[in-house]
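Structural description and commentary
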Amino acid sequence: MILKFFRLGIRHMIRQKAYVFINILGLAVGITSFILIGLFVLHELSYDRFHEKSDRIYNLVLDGKIGEQEVIGSFTSSPMAPTFREEIPEIVDAVRMDHWSVVLRIDDRSYVEEDFLLADSTFFHIFSIPLLRGNIDDVLDAPRKLVLTQSGARKYFGEEDPVGRLIYVGTDTIPYEVTGICEDVPDNSHFTFNALASFVTIGRANNTDWFSNSFPAYVLLAEGASAEVVQEKISEVMVRHMGPQIEQIMGITLDDFLASGGRYGIRLQPLKDIHLNPDIITGFKPSNDRKYIYIFSLVAILIIAIAIINYMNLATARSAGRAHEVGIRKVLGSSRRLLVWQFLTESVLMSLLAMGVALVLVESLIPYFNQLMQIDLKMPYSGNAYTIPGLLLLALLVGLLSGYYPAFYLSSFRPLAVLAGNLKRGAKSGRLRSLLVVLQMVISLAIILCTLVISRQLHYMLNKDLGFDREHLIVVQNMNALERRIPVFREQVSKIPGVVACSHSTAVPGHPNNNNGYMIVGRPNEEMILMTTAWVDPYHLETYGFELAEGRFFSEEMPSDSFACVINESAVRQFGLEDPLQTRFEQPGDREGREISQVIGVVKDFHFASLHEPIQPHVFRFIGPDSYWGYLTVRVKAEDYQRVVRDLENIWKEFSHNMPLQYFFMDDDFNRLYREEQRTRNLALAFAILAIFIASLGLFGLSAFTAEQRTREIGIRKSLGASPTTILVMLIREVAVLIGLATLIAWPVGYYFLRNWLNNYSYRISLGVFDFLISLLVVLIVSWITISYRSWQACRTNPALALRHQ
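Residues numbered from 1 in each chain as written. Predicted model: local features only at pLDDT ≥ 70, side-chain atom pairs only at ≥ 80, totals over all residues. Heavy atoms only, no water.

Glancing now at the environment of Leu396. Note on placement: Leu396 falls in helix 11 (residues 387-410). Classification of Leu396 by relative accessible area gives partly exposed; the value is 38%. Once the C-alpha coordinates of Leu396 and Thr345 are considered, the two residues, 51 residues apart in sequence, prove to be 9.7 Å apart. (Helix = DSSP H or I, 4+ residues; strand = E, 2+ residues; numbered from the N terminus. Buried < 20%, exposed > 50% of the residue type's maximum accessible area, 1.4 Å probe, protein only.)

See the structure below:
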């Protein structure tokens, strides 16, 4: 029976080539969109789920509040994770990690390695990264041991056996020994590395300070252990160990600290929650926002919904053309159930053909989609047993949803009325088609509106005045390679033709690395405040173009500036400093060793981080001669970029003994902070175009069949003197009314969604009238162009021929 229906369906499709082509193309584009977004969503949801013990692995998250500022991030102090493992029975293992960007030296070769991790020897016991060479118990159990991934081993040693070979890391004069080889870290991991060194190599591994938080750390719970119970025990351990240190550092008891509104604790975050939780700062790959997964999923559903609506619209519009077929089949004994099956089989067959076209489109478009979304996706035909059944199920579901209403509508015709020529082109089906067109337009208008607003917000973030000039800045990394030679190096760089200014600092915008606690001299100790801290030289103001609000900046001619500081306007406001230049800051510590800094200047607010966050209190401190790390920022003339980079590399090699130069351009680096917005804008733009394309296909087909059905009416109007232009305006006006109804629905929905989305940004655009008007204008123009061609043809038809035809 099903084969018979398939044969009938194929025969019908051959007779109706244009109708079939429009339907298959529309469904194919909708399915293609659904598959591509589906691949992306599944990839994002799969992060860190490949670890066998992923349900028992938890990230340690610092959750603190000092004064009015909160600190939440994946940073812990050295003693935390080992102490939790020793004192809490439910924690069976723990691992601390750190991420470096270093230069690796092998014989006479040097490599820049951006993905260099350090981890405790428990790493391979917790995470499911298979170790191919070496023993998991001892590959990282001593200082300067190193495990390479397969890709890393090939990169550094080619086909040679790397185990036992020596690698010099950074400026370390003692080599690291390669003790193992592991598989490459999967792409859907929130951390990655090419080289993994033993954590005990670094001096801070045995630090006992519970307030020096620098390292991501993870714990593995015992099977059946309750995370809630472990969380309570962690709080008890924290109180036991940090109480004495708070009293030593701040001069107040833990109870006084908590009573003042302070908070300092560690909470557990499930491993599988890390990638889609941007509220918690990580030291590895940037997190994505779960809300974008919902947005992308909704877009995929809406696009395929437009394609399904197209099918339903065109199928019901052609009802008169198939009425005689239905009447004859019923007279010959076909039941309504069999007719329903026949029409559903036709829709499923078209959906299967559309799936074939969609898979070809997916394979063709996936490289461009990867580039657009900055990701590496592949269609898992062989690697996943669910792929083929899932695609077939999707085709079946689309076919049934597309054909359900048309099948029941077409099979409801009465044979006597049809064969007698008394079939009424029901108002019901006309109203339904209008409703479906309105729904299509609502979706198209909403997607276009969202695309416009997202693009404007991204443009605003990329071009907003940040409070400093980020153009023409080259930032040199890994200054620790030069050690004591940094001042001389800076002096040599400043003499390069085309260099306007250069400055050595421990941090640069977009790369904060210190958030320190301070107390204001003369206020109670409980009023500790947090400020983002950067140690800078006297040339920093000129290099970045910061503006002074009052006071002055550091000067080499003022020896007392070694104990001075410069703050921003946010610090003045948040801490209620009536006379900031008379304010002195004191850093917590032993009373005899506390550092006191006099405020000598206030700079106007500037953005040190992305526009997602409000400007925080910031303090510049004078960089001392023993600061052998950080960055060198070089401001150059626009026309001298290439020459400056070339000369900079030559000077660097001279000072660093031929180590490769690592640098970035400040404007490009700042743009990376808006990666998620760029991906969202790109996706919205791409699928706005697809939504318009699919809707246009439906409008084109619908206008063709509408014009065909109204041939007699058009002929009579022309006979009575109506001009082609008058008739064309009549046909277009009907579509304009539907678009107007769609606008009344799409605009409030879009406004509500976009207002909530913009509220996620501390600095944002305002929703403007022009955003809504432009979205309407785009839909109107595309719709009118789509229907005008076929409608104009109908208007130009000889009325005598039209009436004779009818």
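Turning our eyes to something else, we now look at a nonpolar patch on the surface. Where nonpolar side chains cluster on the molecular surface, the patch consists of Val737, Leu741, Leu744, Ile745 and Val749 and spans about 470 Å² of accessible area. Positionally, Leu744 belongs in helix 21 (residues 724-758). What makes Leu744 exposed here is its relative accessible area of 64%. (Patch = residues over 30% accessible without salt bridge, like charges linked within 9 Å, V, L, I, M, F, W, Y side chains within 5 Å. Areas by Shrake-Rupley, 256 points an atom, 1.4 Å probe, with all protein chains shown as cover. Salt bridge = Lys/Arg side-chain N within 4 Å of Asp/Glu carboxyl O.)

A separate point is empty space enclosed by the protein. Per the counting criterion, the structure on display carries four cavities of 30 Å³ or more. Estimated volume of the second largest cavity: approximately 70 Å³. Every residue lining the second largest cavity is listed: Met441, Ser444, Ile448, Ile692, Ala695, Ser696, Leu699, Val779, Val782 and Ser783. Taken together, the elements giving at least two residues each to the lining of the second largest cavity come down to helix 13 (427-463), helix 19 (675-709) and helix 22 (769-795). Element by element, the count of residues in the lining of the second largest cavity is highest for helix 19, at four residues. Split into classes, the residues belonging to the lining of the second largest cavity amount to seven nonpolar, three polar and no charged. (1 Å grid on protein atoms, 1.4 Å probe; cavity = no way out; pocket = protein on both sides within 12 Å on 5 of 7 lines; lining within 4 Å. Points joined across faces, edges and corners; volume = space filled by probe spheres on them. Nonpolar A, V, L, I, M, F, W, Y, C, P; charged D, E, K, R; others polar.)

Covered by surrounding structure in strand 12 (residues 473-476) are Leu473 and Val475 together with Ile474 and Val476, the residues of both alternating faces. Here strand 12 pairs with strand 21 (residues 631-636) via four bridges, running antiparallel. Across the sheet, Leu473 pairs through a bridge with Arg635, a residue of strand 21. Pairing of strand 12 with strand 22 (residues 663-665) involves three bridges; the strand directions are antiparallel. (Pairing = 2+ DSSP bridges.)

On to the side chain of Ser627. With respect to the helices and strands, the residue Ser627 is situated in the loop between strand 20 (618-622) and strand 21. Accessibility expressed as a relative area gives 14% for Ser627, which makes it buried. For Ser627, the residues in contact, after removing those within four places along its chain, are Ile486 and His504. (Contact = heavy atoms within 4.5 Å.)

This next bit is on the pairing of strand 1 (residues 57-66). With nine of 10 residues buried, strand 1 lies mostly within the body of the structure. Both strand 1 and strand 10 (residues 217-221) contribute to a ladder of three bridges, which runs antiparallel. Within strand 10, the residue paired with Ile57 across the bridge is Leu220. Taken together, the five bridges between strand 1 and strand 2 (residues 69-73) define a ladder with antiparallel strand orientation. Its bridge partner lying in strand 2, Gly64 is registered against Val71. Where strand 1 folds back on strand 2, the antiparallel hairpin that results is connected by two residues, among which Gly67 adopts a positive phi of roughly 70 degrees.

Here we take up helix 14 (residues 486-494). Those residues of helix 14 not exposed but buried are Ile486, Phe489, Arg490 and Val493. One face of helix 14 carries all of its buried residues, which in axial projection span an arc of 100 degrees. On its buried face, helix 14 sits against strand 13 (499-505), strand 21 and helix 17 (641-656). (Arc of directions from axis to C-beta.)

Honestly, it's all geometry; don't read function into it.
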